[in-house]
Amino acid sequence: LLGTLLLAAAVAPELEAVLVPAPSRLAVQVAVSGDLPDAWRDALAAGAPVSITYRLKLFRNRRWLWDQRLDSFELVVKAERDPLTGVFTLVAEIDGETLASGQAATLEDAVHWVTHPPTAEIPVPLQHEPLWLVARAEFLTRFKLLVLPSTVATDWVTRAVPESP
């Protein structure tokens, strides 16, 4: 049992987050590395709609109290293979609004686009105490015949928000 847990932890996907500050905005570039869940990759290759939901939470770091959540954002990156043409349709949305879209000819290109989505810009207060961004990636496979979707996720990643220039 311990060996299985160690093996699962060794191949679990990891989330990287790079933060670039700007006045009243924060550019967030996320990327998933490591082995992706087999069921997720197989579903994408078979033509089932799949997605990765990047959950982003912004917290104010308060020394004497619990951290205060300022805002939450969802960057949802979807991919689906057209069974007739074999072309993958790709869409990135942040909080329901389309951020970017595109197409990919190969499975590898589609996986790269979904695991390295476009940079998302989120609002931050102009003057603020130290802030933290907490992020996580959730792999979602939606089969039309299943009632419950299956979800696998990365660990939460915490990054300090740098001061804006």
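Details of the structure are given in the entry above.
On a predicted model such as this, the values are computed, not experimentally measured, just so you know. (Residues numbered from 1 in each chain as written. Predicted model: local features only at pLDDT ≥ 70, side-chain atom pairs only at ≥ 80, totals over all residues. Heavy atoms only, no water.)

Chemist: Before we move on, could you go through the overall build of the protein and cite the residues and values that matter?
Modeler: Regarding its fold elements, the protein presents three helices and ten strands. Mapped from its N terminus to its C terminus, the protein presents α and β elements in the order α-β-β-α-β-β-β-β-α-β-β-β-β. Counting across all 165 residues of the protein, residues that qualify as buried make up 36%. Within the protein, residue pairs in contact and separated by at least 24 positions form 57% of the contacts whose partners lie at least 6 positions apart. (Helix = DSSP H or I, 4+ residues; strand = E, 2+ residues; numbered from the N terminus. Buried < 20%, exposed > 50% of the residue type's maximum accessible area, 1.4 Å probe, protein only. Contact = heavy atoms within 4.5 Å.)

Chemist: Any details on the pattern of salt bridges? Residues and values, ideally.
Modeler: Side-chain pairs of opposite charge can arise whenever the charged atoms involved come near each other. Applying the stated criterion to the full structure yields six salt bridges. Across the pair E16 and R159 runs a salt bridge, and its minimum N-O distance is 3.7 Å. Taken as a pair, E16 in strand β1 (residues 14–22) and R159 in strand β10 (residues 157–160) lie far apart in primary sequence, 143 residues in all. The residue E138 makes a salt bridge to R55 at a minimum N-O spacing of 2.9 Å. Note that E138 is positioned in strand β8 (residues 131–141) and R55 in strand β3 (residues 50–60), a separation of 83 residues in sequence. Since its relative accessible area comes to 25%, R55 is described here as partly exposed. Ionic contacts of the salt-bridge type, sharing partners, join the residues R55, E74, R136 and E138 into one network. (Salt bridge = Lys/Arg side-chain N within 4 Å of Asp/Glu carboxyl O.)

Chemist: With reference to specific residues and values, describe the environment of V30.
Modeler: Mapping V30 onto the fold places it in strand β2 (residues 25–33). On the basis of relative accessible area, V30 is assigned to the buried category, the value being 2%. Once the C-alpha coordinates of V30 and A17 are considered, the two residues, 13 residues apart in sequence, prove to be 4.5 Å apart. Discounting residues that sit within four places of it in the chain, V30 has contacts with L15, E16, A17, Y54, L56, L75, T115, H116 and P117.

Chemist: Summarise the packing of aromatic side chains; cite the residues concerned and give the values.
Modeler: Aromatic rings in a pair are described by how distant their centres are and how their planes are angled relative to each other. In the structure shown here, the tally under the stated rule is one aromatic pair. On the basis of an interplanar angle of 75 degrees and a centroid distance of 5.7 Å, the ring pair of W40 and F139 is categorised as edge-to-face. Within this pair, whereas W40 is found in helix α2 (residues 38–46), its partner F139 is found in strand β8, the two being separated by 99 residues in sequence. According to the relative accessible area criterion, F139 is buried, its value standing at 2%. (Phe/Tyr/Trp six-rings, centres within 6.5 Å; stacked < 30°, edge-to-face > 60°.)

Chemist: Could you give an account of α2, naming the residues involved and the relevant values?
Modeler: Considered for burial, the residues of α2 that qualify are W40, A43 and L44. Down the axis of α2, the buried set is contained in an arc of 100 degrees. They therefore lie on one face. For α2, exposure combined with an orientation more than 90 degrees from the buried face picks out D38, D42 and A46. The elements touched by buried residues of α2 are β3, β4 (68–81), β5 (88–94), α3 (107–115) and β8. Within two residues after α2, G47 carries a phi angle of roughly 105 degrees, on the positive side. (Arc of directions from axis to C-beta.)

Chemist: Can you break down the packing of α2 against α3 residue by residue, with the values?
Modeler: As a packed pair, α2 and α3 sit with axes 11 Å apart at the nearest point and diverge in direction by 125 degrees. By the angle between their directions, the pair α2 and α3 is classed as oblique. With respect to the hand of their crossing, α2 and α3 are arranged in right-handed fashion. Seen from α2, the contacting residues are W40, R41, L44 and A45; seen from α3, they are L107, A110, V111 and V114. (Axes fitted to C-alpha atoms, helices over the stretch in contact; angles between N-to-C directions. Parallel < 35°, antiparallel > 145°, perpendicular 65-115°, else oblique. Left-handed = near helix turned anticlockwise from the far one by under 90°.)

Chemist: Tell me what's going on with the pairing of strand β7 (residues 120–123), and back it up with residues and numbers.
Modeler: Side chains of β7 alternate between two faces, with A120 and I122 buried and E121 and P123 left unburied. Across four bridges, β2 lies against β7 in antiparallel orientation. When the bridges of β7 are listed, V28 appears paired with A120. (Pairing = 2+ DSSP bridges.)

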